[in-house]
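# Reading the structure
Residue-level listing of the chains:
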Amino acid sequence: MRSGRWHGFSTRRSLLCAAAAGLLAPAGRARGAEGAASAPERLNLLFLGDSLAQGLFLSLSPVLRRRPTPRLINGTLHATGVTRTDEHDWSSVTRDLVALHEPQLVVFWIGANDFRPLVVREERVRHRFGTPGYAEHYARRVVEMTGHAVHAGARVLWLGLPNMREPQFAGAARQLNAIQQAAAASAGAQWVDTWDATSDADGRYLPSVPVQTATRVFRAEDGVHFTGWGYLRIGALLFDTAAERFPELAPGLGRLTEA
């Protein structure tokens with residue numbers, strides 16, 4: 001099964017390599033002579049999540065600000081997570097930000113700080129990571145977050161956690177991905193898997209990738225986050241998935257091209 005998933009990622013390699021060059025093609029105003037859908041005047045793209053989403057937003061902003069249609073909105077906050085509503089209530093924040101900005105596309109990427117106990121303030125209970133109580137309440141919060149965006153009329157992409165250098169974190173990330181994917185999909189989000197894109201052919205953590213005749217680092221030193229160039233690779237995967245799942249947004253988002 002591993003080889004099949006890796007082959008699926010390899011078919012998108014040309015798109016990902018385009019991000020390596022940092023080149024994003026201008027969004028076409030029309031898709032054909034048949035009067036097909038044209039790019040909207042403005043496409044609000046809201047990023048929500050922790051430092052992973054923050055890094056993605058900051059890396060894509062310099063590239064996309066040169067284009068007339070996408071408007072990137074930063075709703076991220078580092079050092080936060082789904083587990084601690086007493087510190088930052090992502091369900092309420094999502095509800096408020098989608099009402100304020102009316103995005104056409106919402107991107108969630110969160111979970112790097114969620115291997116700690118989940119706090120349920122109403123019950124005055126803490127559920128340890130890996131327990132049924134943790135999974136139940138975490139899934140409920142993911143459903144709420146996704147639901148706020150979907151009910152506001154936005155398309156939703158939920159990025160899964162990447163492979164991580166430390167085996168303990170990698171194993172925990174896999175568990176959290178399973179919870180997030182099932183909950184987000186049940187509420188109407190499209191899942192964007194990043195695991196294969198951050199793993200080698202044997203499923204091991206991948207810190208760098210070959211680019212033409214060289215090898216380029218795309219993961220940060222902490223083994224969790226990405227370099228700026230690495231975030232562009234994830235951005236390529238994101239845009240590829242958005243165009244595939246939401247073709248009506250493709251003209252506004254544009255596409256990646258070969259360098």
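Anything mentioned here points back to the structure above.
In this report, we go over the structure that sits alongside the text.

### Remarks on the sheet that holds strand β1 (residues 43–49)
- Strand order in the open sheet formed by five strands is β2-β1-β3-β6-β7, with parallel pairing between adjacent strands. The open sheet is flanked by β2 (70–76) and β7 (190–192), the only strands paired with a single partner. When the angles between neighbouring strand axes are averaged without regard to direction, this sheet yields 20°.
- Here helix α3 (residues 51–64) sits on the sheet in contact with β1, β2, β3 (105–109) and β6 (155–159), set at roughly 155° to β2.
- Sheet strands touched by helix α4 (residues 90–101): β1, β2 and β3. Its angle to β1, the strand with the most contacts, is close to 165°.

### Considerations on the pattern of salt bridges
- Taken as a whole, this structure holds ten salt bridges when the rule is applied.
- A salt bridge links R84 to D86; its shortest N-O distance comes to 2.6 Å.
- Residue R84 is classed as buried on the basis of its relative accessible area, which comes to 17%.
- Overall, the relative accessible area of 37% leaves D86 in the partly exposed class.
- For the salt bridge of D96 with R95, the shortest nitrogen-to-oxygen distance reads 3.1 Å.
- In this structure R95 comes out as partly exposed when scored by relative accessible area, which is 40%.
- Among the charged side chains, a salt-bridge network with shared partners connects R84, D86, E87 and R116.

Parameters at a glance
- Residues numbered from 1 in each chain as written.
- Predicted model: local features only at pLDDT ≥ 70, side-chain atom pairs only at ≥ 80, totals over all residues.
- Heavy atoms only, no water.
- Pairing = 2+ DSSP bridges.
- Helix = DSSP H or I, 4+ residues; strand = E, 2+ residues; numbered from the N terminus.
- Axes fitted to C-alpha atoms, helices over the stretch in contact; angles between N-to-C directions.
- Contact = heavy atoms within 4.5 Å.
- Salt bridge = Lys/Arg side-chain N within 4 Å of Asp/Glu carboxyl O.
- Buried < 20%, exposed > 50% of the residue type's maximum accessible area, 1.4 Å probe, protein only.

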